[in-house]
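Residue-level listing of the chains:
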Amino acid sequence: MKLEEARQRIEMAIEQYGQHAADAIELVINKVRSGQGGTVNGLIDEFDLELQYNIAPLESDFSNS
């Protein structure tokens, strides 16, 4: 899913479902994660999804050091 399409879908979910948009947003985030990975964190920050919907950003470092 392209980043612009993801933005539009997140905006539509927020407008349509308000505080109950988390499930719809998670679907969009998961599609972006599977295709583009790191760009997900930008969307999460842009829409303040962590505070509003408890959607956490990806870990930027996958090592266990």
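Up top is the structure.
On a predicted model such as this, the values are computed, not experimentally measured, just so you know.

Caption draft 1: Structural view of helix 1 (residues 3–17). With 15 residues, helix 1 should cover 21 Å at 1.5 Å per step; its first-to-last C-alpha distance of 21 Å lies within 8% of that length. Of all the residues in helix 1, the buried ones are A6, I10 and A13. An end-on view of helix 1 places all buried positions within 65° of arc, on one side of the element. Exposed side chains of helix 1 directed beyond 90 degrees from the buried face belong to M12, E15 and Q16. Once helix 1 ends, the next one or two residues include G18, with phi positive near 60°.

Caption draft 2: Local environment of the pattern of salt bridges. If you walk through the whole model with that rule in mind, you get three salt bridges. In this structure, E4 engages R7 in a salt bridge whose closest nitrogen and oxygen atoms are separated by 3.6 Å. Of this pair, E4 and R7 both sit in helix 1, separated by three residues, roughly a single helical turn. E4 sits in the partly exposed class, given a relative accessible area of 45%. The closest approach of N and O atoms between R9 and E5, which form a salt bridge, is 2.8 Å. A residue pair is termed a helical-turn pair when its members lie 3 or 4 positions apart in one helix, as R9 and E5 do in helix 1 at four residues. When salt bridges that share partners are traced, they join E4, R7 and E46 into one network.

Caption draft 3: How the structure looks around the nonpolar core. If you look at the biggest cluster of nonpolar residues, it comprises 15 residues, and the most contacted ones within it are I10, I25, I29, L43, L49 and I55. Those elements giving two or more residues to this core turn out to be helix 1, helix 2 (22–36), helix 3 (39–46) and helix 4 (49–53). Considering every element that reaches this core, the biggest residue donor is helix 2, with four residues. Discounting residues that sit within four places of it in the chain, I25 has contacts with I10, A13, I14, L49, Y53 and I55.

Reading the values: the criteria
- Residues numbered from 1 in each chain as written.
- Predicted model: local features only at pLDDT ≥ 70, side-chain atom pairs only at ≥ 80, totals over all residues.
- Heavy atoms only, no water.
- Helix = DSSP H or I, 4+ residues; strand = E, 2+ residues; numbered from the N terminus.
- Expected span 1.5 Å × (residues − 1).
- Buried < 20%, exposed > 50% of the residue type's maximum accessible area, 1.4 Å probe, protein only.
- Arc of directions from axis to C-beta.
- Salt bridge = Lys/Arg side-chain N within 4 Å of Asp/Glu carboxyl O.
- Core = buried A, V, L, I, M, F, W, Y, C linked by side-chain atoms within 4.5 Å.
- Contact = heavy atoms within 4.5 Å.

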